[in-house]
There are 2 protein chains.
Amino acid sequence: MAEINIRDLAKELNLSIGTVSKALRDSHEISALTKEKVFALARQLNYTPNPYASSLRGKKSKTIGVVIPEIADSFFSHAIKGIESVAQKKGYHVLIYLTEESFLKEEFILSEFKSGRVDGVLLSISRETSNSRHIEELKKKGIPLVLFDRTEEEIPTTKIITNDLESSYKATHHLIKRGCKKISFLSISRHLSINNKRIEGFLKALNDHLAGACKNNIVDCTNDDKQNQAIVHKILERAERPDGIICSVEKLTIPVYLSCRGLQLNIPKDIKIISFSNSEAAPVMNPSLTTVTQPAYEMGKRAATILFKAVEKKNFKMPNENIIIPSSLIIRNSTD
Amino acid sequence: MAEINIRDLAKELNLSIGTVSKALRDSHEISALTKEKVFALARQLNYTPNPYASSLRGKKSKTIGVVIPEIADSFFSHAIKGIESVAQKKGYHVLIYLTEESFLKEEFILSEFKSGRVDGVLLSISRETSNSRHIEELKKKGIPLVLFDRTEEEIPTTKIITNDLESSYKATHHLIKRGCKKISFLSISRHLSINNKRIEGFLKALNDHLAGACKNNIVDCTNDDKQNQAIVHKILERAERPDGIICSVEKLTIPVYLSCRGLQLNIPKDIKIISFSNSEAAPVMNPSLTTVTQPAYEMGKRAATILFKAVEKKNFKMPNENIIIPSSLIIRNSTD
C-alpha cells in the first residue's frame, strides 16, 4: 500500500498543503469545520503524521528517554521503577533504550534524540564508552540530561551516583576481617569511572589492612558470560588460588558460583564471595550471597526528579554536581 | 539555542530549499561542490536532519525494532542475543523497546514505527494486551512483523513459539509422579495465550493423572513483586496448603522461595517447585530449581531470520504460521 502523505490529503480535500498542515497542527488560523474534515480524512486514509514534526516545532513530546547498558542487571530494573514513579505523576511516557554495552549503539540512540524525540534523557553509559562527544552534542541541542550510576565525569551536568569507592573499601575490609589474604577483584571495564572507583577502594583497603597488595589481584572480565566463566575458572585453578572474590557487577556472580561448584570449592569455607548486586535472588542462593546493594530505586527517583525540573522550567540551570546516595553491605552466608 | 532548519541553511548559502534538501540527501542532481558547501555549513551550525525523513522517502533505516514486555526475565536477554547474532551478520541495528507490560506503551511504540522508523519489528506482547488493532495497523503500513514467545493468534503473520501446553503438561505430570496431590499454578495474565496454554496443559495433566482437578488451583498473580509475595504467602498459609507449585514465569520464583523460607517450609520436602525460567541462577539456588527452560536464543534467532527475509525481499509474503521450538524440563533439587 502506498504511503499517504499530506499532499494526498490536500488534493483529496481540494485544500492547499499549507492549510492541511496547519489543520493537522491544530492551528488557530484554520476553522473548526476545516480541521474536522482534515482529521476525518486523515483517519479514514490511515494517515500517520510524522510524530517528531510536532516536537521539531517546539512542542513537548511528553516523553523522556532512559538509556541503559544492560537488560540482565537488577540495578536497572529497580532504577526504572524509581524513574517511572516520578514520570507517572508528571504524566510523561518513559521510553527505555538498551545500548547492550555498545558505544556505537549509544551514539546512535543519542543522535536520534537530537531531533526532539524526547524532552529529556537519563543516561547510564556503556562499558565501551570512552569519549563523550555524543553526550556533549546532545547537551548542545538544549536537551536536559542527567547521568546516573555509570557516569562520565567531564560532562557538566547532575550525576546521581553511589559511594563506589567507600563501599568497595568496606566490602574488601569485610573479607580481610573474615580471614581472606588473597582477594581477587573482577573488573568489568577500565573505561568506566564507577569500575575504577571500586578498584580504588579495593586497593586502598588492601593497602591499609594487608601489606603487599599487588595489581595482579585485578582480573579483567568481558561482556560475555561464557568467556567470563572461563576467566574465573582459570584463576580458581591457579596454585595461588584466591580465598576471596569481589564481583564488581551482578552478572559475574553466577559464573563464579558455577566455577566454584565445578571445581568442588566450598563457599565460604574455601573461598568467600561478595557481589555488587541488587538481585532479589541473593538470599535464596546456595549459599546466600553477601552483596553491596545499591540504592537503585532511590537513584532512579532522584535522577528523574532533577530531570523534570529542567524539562518543566525553561530557564532551569542544571547544576554540575554529584549527588551521592550510599550503598549498603549486606552480609550473608557466602562470606560467613 | 534556536533550532537550525533547512530554510536557514538555504538562506545562508543563497540556494533554494530544494537544492539544499537534495544536497543533504546526496542526490546525483547536485554538484559535488555544492554538496560540500551544504555539508560544511550543516556541520558548522550543528544542523540535525530529521533522521526519519530518509526512511519516509523509502530508504531503509537499517534498523529493526524489538519490542519486549520485561527487563527482568532471562528469556528476553537470551532471545535478544539470538536476534543480535542474525542482525549483526546483516549489518542492521537492533533497537530494543520495553513496554513494561503496559498496553498503552506498546500502542505508543508501535504507532511510532508506522512512520518508517524501523524496517521490521519483532514483538512479544505485554500482559495487558487484549486487542490487536495497533498490531494490525502496523501490518497495514507494510512493515514486516514477526511475533515471538508471547503472540496474538489472530494476527496473520509468522509466530515463533514453544510447546507451552505440552511442557506445562510434562511439568505437572512430573510433580504428580513425585507425589504431589495439591498443585497450584501461578498464572500471570489471562489475556496471554501463552499463559492460557500453560494453564490448559496443567489442567489436562491434573485430569489425566489426578481425578478431581479443580480450577481453584489456578492463582492469579500481578505485575508487582510485593503483591505477588503477599498472594503466595496467603496460599501457603491455607489449611489446604499446596504441596507443589508451578510458576508460569521466571519472576514468580523468588517470591515463592522467599515465602517458603518465611514460613519455614522445606523445598522439596514440604513443597515442590517448578518454574518456567531461563535463569542461569537456577542451578545455584537453594535448593537448585527445576525449570521448564525455553529455547530462548534459538527462538530469537529464528524470529530474526524470518523477519530479515521480509525486510530484504520486497515481494516476500510472510507465512501465517506457528513455528514451534520445544522447551526442556530440567529436573533439579526443588522437586527431587
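Fair warning: this is a prediction, and the values are worked out from it, not measured in the lab.

Q: I keep staring at the sheet that holds strand β7 (residues 218-220) of chain B and nothing clicks. Help me out?
A: Where strands meet in a sheet, backbone hydrogen bonds hold them as pairs that are either parallel or antiparallel. All names here are of chain B. In spatial order, the strands read β7-β6-β8-β9-β10-β12; together these six strands make up an open sheet with mixed pairing. Pairing within the sheet leaves two strands with one partner each, and these edge strands are β7 and β12 (328-330). Put simply, the sheet's adjacent strands are angled 20 degrees from each other on average, direction ignored. Taken strand by strand, helix α9 (residues 193-209) contacts β6 (183-187), β7, β8 (244-247) and β9 (272-276), and its axis lies near 170 degrees from that of β6. Most of the contacts of helix α11 (residues 253-262) go to β9, to which it runs at about 165 degrees, and overall it touches β6, β8 and β9.

Q: Is there a simple way to explain the confidence of the model for chain A in this structure?
A: Close inspection of predicted coordinates is inappropriate in any region flagged by low pLDDT. Residues and elements named next belong to chain A. When the pLDDT values of chain A are averaged, the result is 89; 94% of them are 70 or greater. Confidence drops under a pLDDT of 50 for residues 50-58, and excluding neighbours within four residues, the segment shows 14 contacts in the predicted structure. If you check the scores for this complex, the pTM reads 0.80 and the ipTM reads 0.77.

Q: I tried to follow the pattern of salt bridges on my own but got confused; where do I start?
A: Should the charged atoms of two oppositely charged side chains come close, the side chains can pair. Residues and elements named next belong to chain A. The full count for this structure, using the stated rule, is 24 salt bridges over all chains. Between Glu70 and Lys251 there is a salt bridge, and its shortest N-O distance comes to 3.9 Å. Placement of Glu70 in the loop between β1 (63-68) and α5 (74-90) and of Lys251 in the loop between β8 (244-247) and α11 (253-262) is noted, with a sequence separation of 181 residues between them. What makes Lys251 buried here is its relative accessible area of 17%. For Glu101, the salt bridge identified is with Arg150, shortest N-O distance 2.9 Å. Here Glu101, found in the loop between β2 (93-98) and α6 (103-117), pairs with Arg150, found in the loop between β4 (145-148) and β5 (159-161); they are 49 residues apart in sequence, far enough to count as distant. Taken as a pair, Glu101 and Arg150 share a single burial class, namely buried.

Rules used throughout
Residues numbered from 1 in each chain as written. Chains lettered and ligands numbered in written order. Predicted model: local features only at pLDDT ≥ 70, side-chain atom pairs only at ≥ 80, totals over all residues. Heavy atoms only, no water. Pairing = 2+ DSSP bridges. Helix = DSSP H or I, 4+ residues; strand = E, 2+ residues; numbered from the N terminus. Axes fitted to C-alpha atoms, helices over the stretch in contact; angles between N-to-C directions. Contact = heavy atoms within 4.5 Å. pLDDT = per-residue confidence, 0-100. Salt bridge = Lys/Arg side-chain N within 4 Å of Asp/Glu carboxyl O. Buried < 20%, exposed > 50% of the residue type's maximum accessible area, 1.4 Å probe, protein only.

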